[in-house]
Amino acid sequence: MGKRSRTITISDEELIALAREAREAAHAPYSNFEVGAALLTADGRVFTGCNVENSTYGLSMCAERVAIFKAVSEGSHEIAKVAVVTDHERLTPPCGCCRQMIWEFALEETEVLIANLEGDVRKFEIKELLPEAFGARFLEGVR
């Protein structure tokens, strides 16, 4: 983290709408907890993901990480903003693993929007969701 950002050209509402649409593709037959994510990269591209469950639960993948892996595999390594949508009355933030993955590619001011299908939304900076995060600075000088 600590990279500089570029101009962002998509509204929070548009990013949430894309996450909501991505949620429709979720494969969640075991938990029935469908999640969609959309992330905006510093280069202005948007990547979406949905959660994909497996009967061997450890092989399941969260929506946020699916979107991150898609972005990185396409050459975008700086996340400006992430939206996460669930169909739950209580707004659901990313899990700890996803918070760490967002941090890995975050800009200093990366925002995380959490929303539900009823239209409730909360906005955080990633540093609020993952205070005192582990990052590359801890690996400096390590062999």
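Shown above is the structure to which this text applies.
A brief look at the structure comes next.

The rules behind each value
- Residues numbered from 1 in each chain as written.
- Predicted model: local features only at pLDDT ≥ 70, side-chain atom pairs only at ≥ 80, totals over all residues.
- Heavy atoms only, no water.
- Helix = DSSP H or I, 4+ residues; strand = E, 2+ residues; numbered from the N terminus.
- Contact = heavy atoms within 4.5 Å.
- Salt bridge = Lys/Arg side-chain N within 4 Å of Asp/Glu carboxyl O.
- Buried < 20%, exposed > 50% of the residue type's maximum accessible area, 1.4 Å probe, protein only.

To continue, consider the environment of alanine 22. Here alanine 22 shows up in helix α1 (residues 12-23). For the pair alanine 22 and alanine 37, spaced 15 residues apart in the sequence, the C-alpha separation amounts to 6.5 Å. Setting aside chain neighbours within four positions, we find alanine 22 in contact with Gly36, Ala37, Thr48, Gly49 and Cys50.

Counted by the stated rule, this structure contains nine salt bridges. Of the charged contacts, one joins aspartate 12 and lysine 123 as a salt bridge, the two residues approaching to 2.8 Å between their closest N and O atoms. Taken as a pair, aspartate 12 in helix α1 and lysine 123 in strand β5 (residues 121-125) lie far apart in primary sequence, 111 residues in all. The salt bridge involving glutamate 111 is made with lysine 81; its shortest N-O contact spans 3.8 Å. Taken together, the residues span a long stretch of sequence, with glutamate 111 in strand β4 (residues 106-116) and lysine 81 in strand β3 (residues 79-86) at a distance of 30 residues. The class of glutamate 111 is partly exposed, set by a relative accessible area of 21%. By relative accessible area, which is 6% here, lysine 81 ends up buried. When salt bridges with common partners are traced through the structure, they connect Asp12, Lys81, Glu111 and Lys123 into a single cluster.

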